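Reading the structure
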Amino acid sequence: MEIPYTVSERPDTGLNNVKIGIWLFLASEIMLFGALFASYILLRVGATKWPDGSSILSVPMAFTNTMVLISSSVTMVMAWASLMEKKLGRYRLFMGLTIVLGLAFLVIKFFEYRAKFHHGLHPSTSTFMALYFTLTGLHAAHVAGGIGINAYLWGPGLKLWERAPQQFTNRVETAGLFWHFVDLVWIFLFPVLYLL
Amino acid sequence: MSTESHTVDIQKHVRWYLRVFAALMILTVVTVAVSYLELTTRLAVAVALFIATIKGSLVACYFMHLISERKFIYTVLIVTVIFFVAMLLGPVMTQINSAGA
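The following paragraphs examine the structure supplied in this document. (Residues numbered from 1 in each chain as written. Chains lettered and ligands numbered in written order. Predicted model: local features only at pLDDT ≥ 70, side-chain atom pairs only at ≥ 80, totals over all residues. Heavy atoms only, no water.)

1. Some remarks on the interface of chain A and chain B
For interface size, the figure often reported is the accessible area lost on association. Facing the 48 residues of chain A at the interface are 44 residues of chain B. Where chain A touches chain B, the interface holds 2 salt bridges. The partner of B:Arg70 in a salt bridge is A:Glu9, with the nearest N and O atoms 3.9 Å apart. Joining chain A to chain B, the criterion identifies 3 residue pairs in polar contact (both at pLDDT 80 or more). Contributions of two or more residues to the side of chain A that touches chain B are made by α1 (17–46), α3 (59–84) and α7 (165–195) of chain A. Top contributing element to the side of chain A that touches chain B by residue count: α1(A), with 17 residues. Taken together, the residues that form the side of chain A that touches chain B break down as 34 nonpolar, 8 polar and 6 charged. (Contact = heavy atoms within 4.5 Å. Salt bridge = Lys/Arg side-chain N within 4 Å of Asp/Glu carboxyl O. Polar contact = N/O pair within 3.5 Å; in protein donor to acceptor, adjacent residues only side chain to side chain. Helix = DSSP H or I, 4+ residues; strand = E, 2+ residues; numbered from the N terminus. Nonpolar A, V, L, I, M, F, W, Y, C, P; charged D, E, K, R; others polar.)

2. Points about a nonpolar patch on the surface
Together, B:Val81, B:Val85, B:Leu89, B:Val92, B:Met93 and B:Ile96 make up an exposed nonpolar region whose accessible area comes to about 490 Å². Within the element layout of this structure, B:Val85 appears in helix α3 (residues 71–100). (Patch = residues over 30% accessible without salt bridge, like charges linked within 9 Å, V, L, I, M, F, W, Y side chains within 5 Å. Areas by Shrake-Rupley, 256 points an atom, 1.4 Å probe, with all protein chains shown as cover.)

3. What to know about the packing of α3(A) against α7(A)
Residue and element names in this part refer to chain A. Relative to each other, α3 and α7 sit at 165 degrees, their axes nearing to 9 Å. The orientation of α3 with respect to α7, classified from their angle, is roughly antiparallel. Of the two elements, α3 crosses α7, and the hand of that crossing is left-handed. Split into classes, the residues belonging to the contact of α3 with α7 amount to 19 nonpolar, 7 polar and 2 charged. (Axes fitted to C-alpha atoms, helices over the stretch in contact; angles between N-to-C directions. Parallel < 35°, antiparallel > 145°, perpendicular 65-115°, else oblique. Left-handed = near helix turned anticlockwise from the far one by under 90°.)

4. Looking at the nonpolar core
Core analysis: the biggest nonpolar cluster contains 81 residues, and A:Trp23, A:Tyr91, A:Phe168, A:Val172, A:Tyr194 and B:Met64 have the highest contact counts within it. For this core, the element with the highest residue contribution is α7(A), accounting for 18 residues. Apart from the residues within four sequence positions on either side, A:Trp23 is in contact with A:Leu177, B:Met64, B:Leu66, B:Ile73, B:Val76 and B:Leu77. (Core = buried A, V, L, I, M, F, W, Y, C linked by side-chain atoms within 4.5 Å. Buried < 20%, exposed > 50% of the residue type's maximum accessible area, 1.4 Å probe, protein only.)

5. Examining the pattern of salt bridges
What the rule picks out here adds up to 5 salt bridges over all chains. Among the ionic pairs, A:Lys19 bridges to A:Glu173, the shortest N-O distance being 3.1 Å. Here A:Lys19 is found in helix α1, whereas its partner A:Glu173 is found in helix α7, with 154 residues between them in sequence. Among the residues examined, A:Lys19 registers a relative accessible area of 12% and is labelled buried. Between A:Lys19 and B:Glu69 there is a salt bridge whose closest N-O contact spans 3.0 Å. Here A:Lys19, found in helix α1, pairs with B:Glu69, found in the loop between α2 (41–63) and α3, and the two come from separate chains. B:Glu69 shares its class with A:Lys19; the two are buried. The structure contains a network of salt bridges with shared partners spanning A:Lys19, A:Glu173 and B:Glu69.

Here's what the structure looks like:
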């Protein structure tokens, strides 16, 4: 059975259903990360002393990752813009770059984690390390999920373009909203964990 | 809207994306540079979060197109922000209570 899908905007909200769906999901994501940020504040203000993040964590690695993720956000929005201009080749290029940059983020994160474990730093080592691994781990899981969605839209999911280009463009826009949100969370995680 | 004017419109968007990209890169460098200054913890937190808020707003407004979004989405976000702020205030209230005790 085919699930009906309408690409047009609903008269009551002025939005198509997929956009309402993704924004409601992102609202729940704000609450998820918000609860962890609130925990961070609670634990930090209650602590008698707090380590300087830059003395434990690698600022150059995190700085590089910030640049990588910001670049991936631009390539993602350029992929969507390419579809709006009906330039499929450019879409594949920009979406491909977004996937590669997302993978680069995870590879750098892997080396960062490996260095921490190598130095005997684990989530159980201290409250700071527990927060670091929880927040960055959850964020990395989101990056991995985003890469999966983007890879599908770059590969097998692209078949929809032939049949329903508007629906496919909406899907890419939705995936983009998720990807930009993941970028936005990192923009706050970077100073909070590494620099303060 | 004709296809031609539609394309011009998207190209205008693309120019904005590139400007925002440059601004985000510069602000990231500024964030790291400021962290090397000998600021008090309170001031360092304020500056870092201020820059992060500007960067986050740029991403949300331009890449996520919030600047030209429909009212319904703003309603969803306003409600979310109210709960989000309430959640962040929880730890602060705890601190005030324990300080007063």
